[in-house]
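# Per-entry structural report
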Amino acid sequence: MSSKPEPKDTHQLNGTGPAASPCSSDGPGREPLAGTSEFLGPDGAGVEVVVIESRANAKGLREEDALLENGSQSNESDDVSTDRGPAPPSPLKETSFSIGLQVLFPFLLAGFGTVAAGMVLDIVQHWEVFQKVTEVFILVPALLGLKGNLEMTLASRLSTAANIGHMDTPKELWRMITGNMALIQVQATVVGFLASIAAVVFGWIPDGHFSIPHAFLLCASSVATAFIASLVLGMIMIGVIIGSRKIGINPDNVATPIAASLGDLITLALLSGISWGLYLEQDVWQYIYPLVCAFFVALLPVWVVLARRSAATREVLYSGWEPVIIAMAISSVGGLILDKTVSDPNFAGMAVFTPVINGVGGNLVAVQASRISTFLHMNGMPGENSEQVPRRCPSPCTTFFSPDVNSRSARVLFLLVVPGHLVFLYTISCMQGGHTTLTLIFIIFYMTAALLQVLILLYIADWMVHWMWGRGLDPDNFSIPYLTALGDLLGTGLLALSFHVLWLIGDRDTDVGD
């Protein structure tokens, strides 16, 4: 009938009763019931009453409710009944205590991983390959940053998929695993190659010296390290996320710190070992170095084909290069700072403390970015409800002191900085790393740098994730590489500044090291 309907009985899927206002049956997220009913109006004209249903969605839920309902919002369900199957395990309502409890152990584990990486760097900086090919130091932050560019992004992406129910069936799980593992191998190979080019350029500009054997050595070492490290860490991440969901822990709280716990150590150990082994074969470099590069490049078509089979990874394969490449360039600037300071006696200890301060800052901001991204995914898709996303930079009070769950987690993560770094500094002191004396004034300057780094990163994360979401970009793929790279640059720069000030005031006492 063509008469305009007056009243519409709108029945929600969850059975809460009629809606407060009329709704169009072709609105987003709603499906019409089959058939209509006819009634006679006061003038005898037929009035068509359309009964519609709406899909349950999380757009009206507050943040705590959204976290409680994770995993129960299935995009593939067209069932009109109110009965739902058993939802996958979801975390309890998160208080500050529960967030801190879940984050604490992975945070400490990740911190000890960065301490171990710092101790390794403190040792290998005296190796002949690091002394003769100093551009390897420029590779260190760039390759260690791969855990932010690739592994942490993978962890955030899979954590979101697990929380919204996209890894509940074996078929979905296998598709997510194969697609994402192939994707990070493509990204690791390309980023490793670009990182070596950046190291060559940054090493050549100040000195004006270019060595072809050293350039091939850097390329082979970087590509091989990035590939192997991403393969190992990617497999670990998948196991962590699947296990955390089975025991009822929010993967956002544990996946990214664990990605970093072994990431720095494994990556640095691989870089040191591979570069040292290739350096020993420098007499036949014209055969060995190009062959290593060609082998990993030849595998690229295989990984591209596998990554294209999954819709989620296909999009990242085409559009996800900008953040990882820019983040690699940012981290390389931090590597240039490290290269210029690590051999200066006035900056003794930079080698052992740099992975720690960079790793802790990157771990904490990755947890926060992953949590905010998961919350936004529970309320829709990127670009939806953009009017609810802040268009301006949030105030620090909103980021750290508002009552919502993301502000609560920011406070918890910020409060972990001082006790965490005290534990890590004590561990380094007990292991006699860094060839430096931990005086009170050094600890004060170090803590100031660490707190300022994390404060800036958490504030930028709050703005960046919402800004990217409002522009239709998935923060899981775009935000974490930028944030961890900024963490590397801020950490290295602030630490170098602290060491320089301490040297000026005469508080840098160094021990004789090997």
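Residues numbered from 1 in each chain as written. Predicted model: local features only at pLDDT ≥ 70, side-chain atom pairs only at ≥ 80, totals over all residues. Heavy atoms only, no water.

All right, on to the overall build of the chain then. For the chain, the count of helices and strands is 18 helices and four strands. By the burial criterion, 52% of the 514 residues in the chain qualify as buried. Counting only contacts in the chain whose residues sit at least 6 apart along the sequence, the fraction spanning at least 24 positions is 83%. Accessible surface, the chain: about 22600 Å² in total, of which carbon and sulfur atoms supply 65%. (Helix = DSSP H or I, 4+ residues; strand = E, 2+ residues; numbered from the N terminus. Buried < 20%, exposed > 50% of the residue type's maximum accessible area, 1.4 Å probe, protein only. Contact = heavy atoms within 4.5 Å. Areas by Shrake-Rupley, 256 points an atom, 1.4 Å probe, with all protein chains shown as cover.)

Before going further, it helps to spend a moment on helix α15 (residues 405-415). For α15, the tally of buried residues reaches eight of 11 residues, placing the bulk of the element in the interior. Within the span of α15, buried status applies to Val405, Asn406, Ser407, Arg408, Ser409, Ala410, Val412 and Leu413. By the N-cap criterion, in which a side-chain oxygen at the helix start approaches the backbone nitrogen of a residue two or three places on, α15 is capped by Asp404, the distance to Asn406 being 3.1 Å. (Polar contact = N/O pair within 3.5 Å; in protein donor to acceptor, adjacent residues only side chain to side chain.)

For the structure shown, the criterion picks out 14 aromatic pairs. Where Phe295 meets Phe296, the ring centres are 5.1 Å apart and the plane angle is 75 degrees; that geometry is what we call edge-to-face. The interplanar angle of 35 degrees and the centroid separation of 6.0 Å between the aromatic rings of Phe442 and Tyr446 together place this pair among those described as tilted. Within this pair, Phe442 and its partner Tyr446 are both found in helix α17 (residues 440-470), separated by four residues, close to a single helical turn. As far as burial versus exposure is concerned, Phe442 and Tyr446 are alike and both buried. An aromatic cluster of at least three residues, connected via ring pairs, comprises Phe227, Phe295, Phe296 and Trp303. (Phe/Tyr/Trp six-rings, centres within 6.5 Å; stacked < 30°, edge-to-face > 60°.)

What follows deals with the nonpolar core. Among soluble globular proteins, nonpolar side chains are generally buried collectively. One finds Leu121, Leu139, Val140, Leu217 and Leu218 to be the most contacted residues of the largest nonpolar core, which totals 52 residues. Not counting chain neighbours up to four residues away, the residues in contact with Leu217 comprise Val129, Val133, Ser275, Leu278, Tyr279 and Tyr289. With 36 residues, the next largest nonpolar core counts Ile99, Leu413, Phe442 and Leu458 among its residues. (Core = buried A, V, L, I, M, F, W, Y, C linked by side-chain atoms within 4.5 Å.)

Our focus in this paragraph is a nonpolar patch on the surface. On the surface, a nonpolar cluster with roughly 740 Å² of combined accessible area is contributed by Phe193, Ile197, Val201, Trp204, Ile205, Phe210, Ile212 and Phe216. Relative to the helices and strands, Ile197 resides in helix α6 (residues 170-207). (Patch = residues over 30% accessible without salt bridge, like charges linked within 9 Å, V, L, I, M, F, W, Y side chains within 5 Å. Salt bridge = Lys/Arg side-chain N within 4 Å of Asp/Glu carboxyl O.)

The next thing to look at is the packing of α15 against helix α16 (residues 417-430). Across the interface, α15 lies against α16 with an axial gap of 5 Å and an inter-helix angle of 30 degrees. By the criterion of interaxial angle, the relationship of α15 to α16 is roughly parallel. From α15, Leu413, Phe414 and Leu415 reach across to α16, where they touch Val417, Val418 and Pro419. (Axes fitted to C-alpha atoms, helices over the stretch in contact; angles between N-to-C directions. Parallel < 35°, antiparallel > 145°, perpendicular 65-115°, else oblique.)

The next point concerns the side chain of Ser230. Following the sequence through the fold, Ser230 ends up in helix α7 (residues 212-246). Here the side chain of Ser230 touches Ala226 through a polar contact of 2.9 Å, landing on its backbone oxygen. Aside from chain neighbours lying at most four places away, what touches Ser230 is Leu150, Glu151, Ile184, Gln185 and Ala188.

This next bit is on the environment of Thr341. Its location among the elements puts Thr341 in helix α12 (residues 321-341). Taking relative accessible area as the criterion, Thr341 reaches 8% and is therefore assigned buried. With 155 residues separating them in the primary sequence, Thr341 and Ala496 have C-alpha atoms 7.5 Å apart. When sequence neighbours within four positions are dropped, the list of residues in contact with Thr341 reads Phe347, Met350 and Ala496.

With that settled, consider helix α9 (residues 285-298). At 3.6 residues per turn, the α-helix brings residues three or four places apart onto the same side. Its 14 residues place the ends of α9 19 Å apart at the C-alpha level, agreeing with the 20 Å of an ideal helix rising 1.5 Å per residue. Listed as buried for α9 are Tyr289, Cys293 and Phe296. Seen along its axis, α9 keeps its buried residues to an arc of 70 degrees; they face one direction. Opposite the buried face of α9, at more than 90 degrees from it, the exposed residues are Tyr287, Leu291, Phe295 and Ala298. (Expected span 1.5 Å × (residues − 1). Arc of directions from axis to C-beta.)

Our focus in this paragraph is the packing of α17 against helix α18 (residues 475-504). Interhelical geometry of α17 versus α18 gives an angle of 160 degrees and a closest axis separation of 9 Å. With respect to α18, the element α17 is oriented roughly antiparallel. In this structure, α17 meets α18 at a crossing whose hand is right-handed. Of the residues belonging to the contact of α17 with α18, the class tally is 25 nonpolar, five polar and no charged. (Left-handed = near helix turned anticlockwise from the far one by under 90°. Nonpolar A, V, L, I, M, F, W, Y, C, P; charged D, E, K, R; others polar.)

This next bit is on the confidence of the model for the chain. In this model, the chain carries an average pLDDT of 75, and 75% of its residues clear a pLDDT of 70 or more. Mean pLDDT across the elements of the chain bottoms out in strand β4 (residues 52-54) (38) and peaks in α17 (92). Scored below 50 in pLDDT, residues 510-514 shows nine contacts in the model against residues more than four places distant or in partner chains. (pLDDT = per-residue confidence, 0-100.)

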